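# Summary of structural features
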Amino acid sequence: MDLEKPPTGDVWRTAHARERAGEGCVTVAIRLPVRIVALVLVVPVRMAWDALMVAGRFLGRTVFRPFGRALGWLARAVFVWPFVGLWRYVVVPLAKAAGWLGLMLVVRPARWAYRWVLTPVGHALAWCWTRLVVPVGDALWAAGAWLARYLVVRPLRWVYRWVLTPVGHALAWRGRGVAWCVRTVVAGIAWAVDRTVRVLLVWPALALWRWVLAPVGRVLAVIGREVGDALGHAWRIAGRISLAVGRFLGTLLRWIFVEPVRWAYRTVLTPVGHVVRDAVLRPVAAAARGTGRAVRQAFASARESVRQVRADVRRALFGAPPPAPPARPVRRPVDRREPSGAEARTLDRSTTALTKD
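Please read all numbers here as calculations on a predicted model, not as lab measurements. (Residues numbered from 1 in each chain as written. Predicted model: local features only at pLDDT ≥ 70, side-chain atom pairs only at ≥ 80, totals over all residues. Heavy atoms only, no water.)

Each helix and strand in the protein chain was counted, giving 3 helices and 0 strands. Mapped from its N terminus to its C terminus, the protein chain presents α and β elements in the order α-α-α. For the protein chain, with 357 residues in total, the buried portion stands at 6%. Of the contacts made within the protein chain by residues no fewer than 6 positions apart, 71% connect residues no fewer than 24 positions apart. (Helix = DSSP H or I, 4+ residues; strand = E, 2+ residues; numbered from the N terminus. Buried < 20%, exposed > 50% of the residue type's maximum accessible area, 1.4 Å probe, protein only. Contact = heavy atoms within 4.5 Å.)

This paragraph deals with the side chain of Asp50. Within the fold, Asp50 resides in helix α2 (residues 25-318). Other than its neighbours up to four places away in sequence, Asp50 contacts Gly239 and Ser242.

Bringing the packing of aromatic side chains into the picture now. Any two aromatic rings considered together are summarised by their centre-to-centre distance and by the angle between their planes. Tallying each qualifying case throughout the model produces 2 aromatic pairs. Taking the centre distance of 6.1 Å and the plane angle of 85° together, the rings of Trp73 and Trp81 count as edge-to-face. A relative accessible area of 48% places Trp73 in the partly exposed class. What makes Trp81 partly exposed here is its relative accessible area of 45%. (Phe/Tyr/Trp six-rings, centres within 6.5 Å; stacked < 30°, edge-to-face > 60°.)

What follows deals with the confidence of the model for the protein chain. Scored by pLDDT, the protein chain comes out at a mean of 81, with 80% of its residues at no less than 70. The secondary structure element of the protein chain with the lowest average pLDDT is helix α1 (residues 10-21), at 46, and the one with the highest is α2, at 87. Within the model, the stretch residues 1-19 combines pLDDT values under 50 with 14 contacts to residues more than four positions away or in other chains. (pLDDT = per-residue confidence, 0-100.)

With that out of the way, let us pick up the side chain of Ser242. Looking at the element boundaries, Ser242 is found in helix α2. Given the relative accessible area of 9%, Ser242 is considered buried. Non-local contacts of Ser242, meaning those with residues more than four positions away in its chain, are made with Arg46, Met47 and Asp50.

In this section: a positive patch on the surface. Judged by side-chain charge, Arg57, Arg61, Arg65 and Arg69 come together as a positively charged surface patch. Secondary-structure assignment places Arg69 in helix α2. We classify Arg69 as exposed; its relative accessible area is 61%. (Patch = residues over 30% accessible without salt bridge, like charges linked within 9 Å, V, L, I, M, F, W, Y side chains within 5 Å. Areas by Shrake-Rupley, 256 points an atom, 1.4 Å probe, with all protein chains shown as cover. Salt bridge = Lys/Arg side-chain N within 4 Å of Asp/Glu carboxyl O. Lys, Arg positive; Asp, Glu negative; His and termini not counted. Charge placed at Lys NZ, Arg CZ, Asp CG, Glu CD.)

Quick look at the pattern of salt bridges now. Taken as a whole and judged by the stated rule, the model has 6 salt bridges. Linking Arg46 and Asp50 is a salt bridge whose minimum nitrogen-to-oxygen distance equals 3.2 Å. Separated by 4 residues within a single helix, Arg46 and Asp50 lie in helix α2, roughly one turn from each other. Since its relative accessible area comes to 16%, Arg46 is described here as buried. A residue is classified by how much of its surface remains accessible, and Asp50, at 18% relative accessible area, is buried. Of the charged contacts in the structure, one is a salt bridge between Asp278 and Arg282, with a shortest N-O distance of 3.3 Å.

Moving on to the nonpolar core. Grouped together as the largest cluster of nonpolar side chains are 6 residues: Ala38, Val42, Val43, Ala230, Ala234 and Ala238. When sequence neighbours within four positions are dropped, the list of residues in contact with Val42 reads Leu231, Ala234, Trp235 and Ala238. (Core = buried A, V, L, I, M, F, W, Y, C linked by side-chain atoms within 4.5 Å.)

Below, the structure is given as structure tokens:
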């Protein structure tokens with residue numbers, strides 16, 4: 001019984017068959033019980049995991065996401081917008097004012113001092129350096145070099161050649177002999193220590209690894225691989241089972257709650273609502289509209305009456321207003337250009353219509 005559904009592909013089938021062909025009886029005997037136990041143990045965990053995932057998605061969609069948006073808006077209103085206003089309306093104007101003051105009080109005076117004070121002084125110092133200090137320094141350097149060459153360098157060279165070199169050669173010959181003796185003694189001690197460590201530690205450890213640890217490790221690796229494969233297969237199969245259970249519960253919930261509510265809304269509430277709308281709401285709305293129209297007409301008539309009375313009173317007290325002067329006709333420039341194609345077609349249609357009338 002193989003609980004794994006092999007994927008399609010001839011290359012994978014060939015490799016899988018070769019791997020299964022090389023397995024031993026211990027692997028085959030371990031695989032099926034381990035997978036059954038893993039399936040029994042993993043199914044509740046997978047169903048609980050799927051239930052938590054569904055609950056988490058629902059909470060994230062209905063609770064956490066709106067709460068996060070509200071919290072983000074609150075954070076922007078409390079932390080971001082005040083600092084933006086402070087930066088825009090306080091820090092930037094103050095920085096511009098400080099920059100202008102620095103330019104007027106520091107940069108321009110420093111530029112003037114550099115141009116009219118420090119530059120001439122620097123030119124004078126450079127002239128003194130090139131005309132006075134450099135020649136004197138060159139003369140002193142030449143004299144000091146000559147004295148150092150004949151009073152220090154040549155005596156030291158004579159001492160190095162005729163005293164230190166012979167003494168160094170003698171000491172080097174003696175040092176090479178001593179180094180050969182020490183190297184020989186150290187090599188013998190290292191060879192003895194190497195043999196001792198190899199016999200007492202390395203060979204027993206190598207035998208323990210080769211004949212004990214390696215076989216036990218292979219067995220444990222087979223068991224671990226089978227347990228891992230069994231857990232993977234059990235997790236996938238538990239996912240299928242959890243999906244089927246979830247669909248069954250969803251269908252049961254729909255037939256117990258959703259479909260009765262939908263049937264009641266469609267067959268009871270909707271006709272009742274239509275009857276209420278046609279028999280009660282629409283007449284009430286029509287009566288309300290008629291009442292509003294009558295009230296508006298009454299207010300319009302009252303306003304017109306008040307306006308007429310006010311005009312009569314003004315005419316009786318101050319007389320009739322003088323007549324307005326006649327408006328002068330506005331002369332429009334005559335367009336003497338040739339009409340375009342669309343304008344010509346429009347004029348033709350107008351002329352045809354006038355002729356027919």
